[in-house]
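Observations on chain architecture
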Amino acid sequence: MDLNTQFEGFSDNAIRLLSAPKGNSKLAMAHFMAMSYLYNSKDNPNGYISLGIAENVLSYDVLKEKLDLGMAPPQSITQYSEIGGIPELRELIAEQLLQNQVFKGYRPPNEKFLVKKEQILVSGGVTPLLENVFNLFCNEGEKCIIPSPFYPSFVYDAYQRFGVKVIAAKSEIFNNNNNNNSEEEDSEIIDFHLDLNEFESLYNQGGVKMVLLCNPNNPTGYIFKPTEIKKLVEWCQKKKIHLISDEIYALSVFNTESTTNQFKSVYEILEGNLGEYVHILNGFSKDFCLNGYRIGYFYSQNETVFQYMISTSAFYSCSNIAQYTAINILKDREYLERYIKTNQSNLKEAYEFASNLLNQYSIPFIKSSSGVFLSLDLRACLKCIPDGDDHENNNQDKFSKEIILWEKIFKNKVFLNSGKLCYFEKPGFFRLIFTLPKDFVEQGIKRIANVYNSLLK
């Protein structure tokens, strides 16, 4: 069909969206293929195992007691609620969830910086909030810096409707920085670092209007150092660009054996004074295992920013039934604390189960401290893939062998997120979700081990 006919009557924005490159179609469709034919030990033992979707199913037994509102819904649930969220929920998020849990009971020296319900906006998930933030701070073609590796959909959220470009600030520290061969497995990732020189270099390219920091990090589970976050904030303030702190895994920290693994919100780092250029995003999908309920929230002390978010919130409002469920969880303080501790314990147990299996099969991985995932390091396999195996004739892409390896794993009926999609600096890393039933995770790792060890023979 002729493009002029195909897009006749469409806006320029719609044409841009529909004409955008679709990336690797196999990677895009693999999730749906896997979900349509999922593994089940009894009914479908040869089905796909998806270890690529960031969902936590471990704490449903504790959670479900609060999903039943325990009463006939009031008529108000069927009516329009206040713009920006039900006042009771906004107050509970401010006082019980943020101040007491995410911020760990921290009280700033100046009480005027205590979180207020008037600074909280509730939405139908974090994704539309984030998309709206991109639209708030960036024009089409302008840029947002995100420390990499990062959650793949950030690129989609920024670009799909508003044409905002994401650029990656590399944060990996390898133990052999002189090793320029991306296929070598002996240059281990030993740490992550917010390098202001990297940010400065990207800023000097022009068009940078905001920074997005996901802390704790998705896909690595790494927790960035508070001293580095403070310096990044100061850098943003000096440049007069806005920093968004995505803290959606703040209460999913499970490894607290050392001070380096202690999460500290940007709120606490700044002693409660977020100022004009720092804003916080969070939600209930990850820490509360409520992906399907679509509850997100935004916190800002900037009155003009908040006014914009409120004025546009009708486009992504949260359903009343979801808001009342969140109220039911947060208003019971004893339950809330018990749930958080139980979920963190479940996360730790699941992480140890997965990591023990990986060690058993001699599969290297980056240790995680939080979230629902860890990153596999399968770079040793890349040198076992002949140069001529790239049937898509994309040998110039340094990630071409990683995609071939991903295809081999998927042919063995396991779905993972590739490192290329997560903007890892070097090819060969894959994100694995471990917060699924043990049998599911075990079978998935066994299948990955079959591919990994067969290539290394």
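Residues numbered from 1 in each chain as written. Predicted model: local features only at pLDDT ≥ 70, side-chain atom pairs only at ≥ 80, totals over all residues. Heavy atoms only, no water.

Strand order in the open sheet formed by four strands is β11-β12-β15-β14, and the pairing between neighbours is antiparallel. Strand pairing shows two members of the sheet lacking a second neighbour, β11 (365-366) and β14 (417-418), which therefore form its edges. Relative to strand β15 (residues 429-433), β14 is paired through two bridges, and the arrangement is antiparallel. Bridging from a neighbouring strand, Ser418 pairs with Phe430 of β15. (Pairing = 2+ DSSP bridges. Helix = DSSP H or I, 4+ residues; strand = E, 2+ residues; numbered from the N terminus.)

Taking every second residue as pointing to the same face, both faces of strand β2 (residues 120-123) are buried, with Ile120 and Val122 on one and Leu121 and Ser123 on the other. Sheet topology places β2 next to strand β10 (residues 296-300); four bridges connect them, and they run antiparallel. When the sheet's bridge partners are listed, Val122 is paired in β10 with Tyr297. (Buried < 20%, exposed > 50% of the residue type's maximum accessible area, 1.4 Å probe, protein only.)

A few words now on the packing of aromatic side chains. Two descriptors summarise a pair of aromatic rings, namely the distance from one centre to the other and the angle between the planes of the rings. For the structure on display, the rule yields 23 aromatic pairs. Ring geometry for Phe7 versus Phe10: centroids 6.0 Å apart, planes at 40°, classification tilted. Overall, Phe7 belongs to the buried group, its relative accessible area being 10%. Under the relative-accessibility criterion, Phe10 is labelled partly exposed at 41%. (Phe/Tyr/Trp six-rings, centres within 6.5 Å; stacked < 30°, edge-to-face > 60°.)

Our next topic: helix α4 (residues 60-67). If you check which residues of α4 are buried, you get Val62, Leu63, Lys66 and Leu67. Burial along α4 is one-sided: seen end-on, the buried residues are contained in an arc of 145°. (Arc of directions from axis to C-beta.)

Before going further, it helps to examine the side chain of Thr220. For Thr220, the position within the fold is in the loop between β7 (208-214) and α9 (226-239). Looking at Thr220, the relative accessible area reads 1%, which means it is buried. For Thr220, the side chain forms a polar contact with the main-chain nitrogen of Tyr222, separated by 3.1 Å. Other than its neighbours up to four places away in sequence, Thr220 contacts Pro149, Phe192, Lys367, Ser368, Phe373, Ser375 and Phe424. (Polar contact = N/O pair within 3.5 Å; in protein donor to acceptor, adjacent residues only side chain to side chain. Contact = heavy atoms within 4.5 Å.)

An order of β2-β10-β9-β8-β7-β3-β4 is seen for the seven strands of this open sheet, with the pairing classed as mixed. Of all strands in the sheet, those with a lone pairing partner are β2 and β4 (165-170), marking the two edges. Geometrically, the sheet is characterised by an average inter-axis angle of 25° between neighbouring strands, direction not taken into account. Where strand β3 (residues 143-148) and β7 come together, three bridges link them in parallel fashion. In the sheet register, Ile145 faces β7, and the bridge partner there is Val211. α9 contacts β3, β7, β8 (242-246) and β9 (278-283) of the sheet and is inclined by roughly 165° relative to β7. (Axes fitted to C-alpha atoms, helices over the stretch in contact; angles between N-to-C directions.)

Attention now goes to the pattern of salt bridges. Evaluated as defined, the whole model comprises 16 salt bridges. A salt bridge links Glu334 to Arg338; the nearest nitrogen and oxygen atoms lie 3.4 Å apart. Taken as a pair, Glu334 and Arg338 lie in helix α13 (residues 333-360) at a separation of four residues, close to a single helical turn. With relative accessibility at 33%, the residue Arg338 sits in the partly exposed group. Sharing partners across several salt bridges, the network here consists of Glu65, Glu334 and Arg338. (Salt bridge = Lys/Arg side-chain N within 4 Å of Asp/Glu carboxyl O.)

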